[in-house]
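Listed below are the residues making up each chain.
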Amino acid sequence: MGELATKMGMEITELTAERAVGSIPVEGNRQPVGLLHGGAYVVLAESLGSMAANVHAGPGRYAVGIELSASHSRSATSGRVTGTCTAIHLGGTLTTHEIVLTDDEGRRCSTVRITNMIRERR
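Residues numbered from 1 in each chain as written. Predicted model: local features only at pLDDT ≥ 70, side-chain atom pairs only at ≥ 80, totals over all residues. Heavy atoms only, no water.

## A short note on the pairing of strand 4 (residues 80-90)
Reasoning step 1: Bridge count between strand 2 (residues 19-25) and strand 4: seven bridges; the pairing is antiparallel. Paired with Pro-25 across the bridge in strand 4 is Arg-80.
Reasoning step 2: Sheet topology places strand 4 next to strand 5 (residues 94-102); eight bridges connect them, and they run antiparallel. Bridged to Gly-83 within strand 5 is Leu-101.
Reasoning step 3: Counted along the chain from strand 4 to the antiparallel partner strand 5, the turn is three residues long. (Pairing = 2+ DSSP bridges. Helix = DSSP H or I, 4+ residues; strand = E, 2+ residues; numbered from the N terminus.)

This is the structure:
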């Protein structure tokens, strides 16, 4: 998962090219006013989208993020935030995933869309 994901306490519970699910704790990832940091939503979402894209890329290839957009609609202050990543497009050179991030009550907190480019390993 990488160093940042480990530091944030990320847990992945499902991972395929079409769907990935993971979560992070709010505690330890808050901004000074007590809300989950907006960047934490984005780290979780980008991690899920990139991992799913890398599963799709397959052996001898890898995926790198080239575009990401995030819209935060609610703030989490405790518990865990869960990201559910769903493929929109799985092509030969590009993938696009949408990640919906929800709090423990199932309320949407953020929506993220990521596009990854697939490259050949050298």
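Anyway, onward from the coordinates.
## Overview of the nonpolar core
Reasoning step 1: Grouped together as the largest cluster of nonpolar side chains are 22 residues, with contacts concentrated most on Ile-24, Leu-36, Val-81, Ile-99 and Leu-101.
Reasoning step 2: Breaking this core down by element, the ones donating at least two residues are strand 2, helix 2 (38-57), strand 4, strand 5 and strand 6 (108-120).
Reasoning step 3: Looking at which element gives the most residues to this core, the answer is helix 2, with seven residues.
Reasoning step 4: Sequence-distant contacts of Leu-101, defined by excluding residues within four places in its chain, comprise Tyr-41, Leu-44, Ala-45, Val-81, Thr-82, Gly-83, Arg-107, Arg-108, Cys-109, Ser-110 and Val-112. (Core = buried A, V, L, I, M, F, W, Y, C linked by side-chain atoms within 4.5 Å. Buried < 20%, exposed > 50% of the residue type's maximum accessible area, 1.4 Å probe, protein only. Contact = heavy atoms within 4.5 Å.)

## Comments concerning the UniProt feature "domain: Thioesterase" (unreviewed entry) in the chain
Reasoning step 1: The positions UniProt marks with the feature "domain: Thioesterase" (unreviewed entry) are residues 34-109.
Reasoning step 2: Counting secondary structure, residues 34-109 comes out at 26% helix and 45% strand; the distance between its end C-alpha atoms is 15 Å. (UniProt positions renumbered as here; feature names shortened; annotations may be inferred.)

## Some details on the sheet that holds strand 4
Strand pairing in a sheet relies on backbone hydrogen bonds. The paired strands run either parallel or antiparallel.
Reasoning step 1: Ordered by their spatial adjacency, six strands build an open sheet running 1-2-4-5-6-3, and the pairing between neighbours is antiparallel. In this open sheet, the two strands that pair with only one neighbour each are strand 1 (11-15) and strand 3 (61-72). Taken over all neighbouring pairs, the strand axes of this sheet differ in orientation by 20° on average, direction set aside.
Reasoning step 2: Relative to strand 6, strand 5 runs antiparallel, the two sharing nine bridges. Residue pairing for strand 6: Thr-95 is matched across the bridge by Asn-116.
Reasoning step 3: Seen against the sheet, helix 2 touches strand 1, strand 2, strand 3, strand 4, strand 5 and strand 6 and runs at an angle of roughly 150° to strand 3. (Axes fitted to C-alpha atoms, helices over the stretch in contact; angles between N-to-C directions.)

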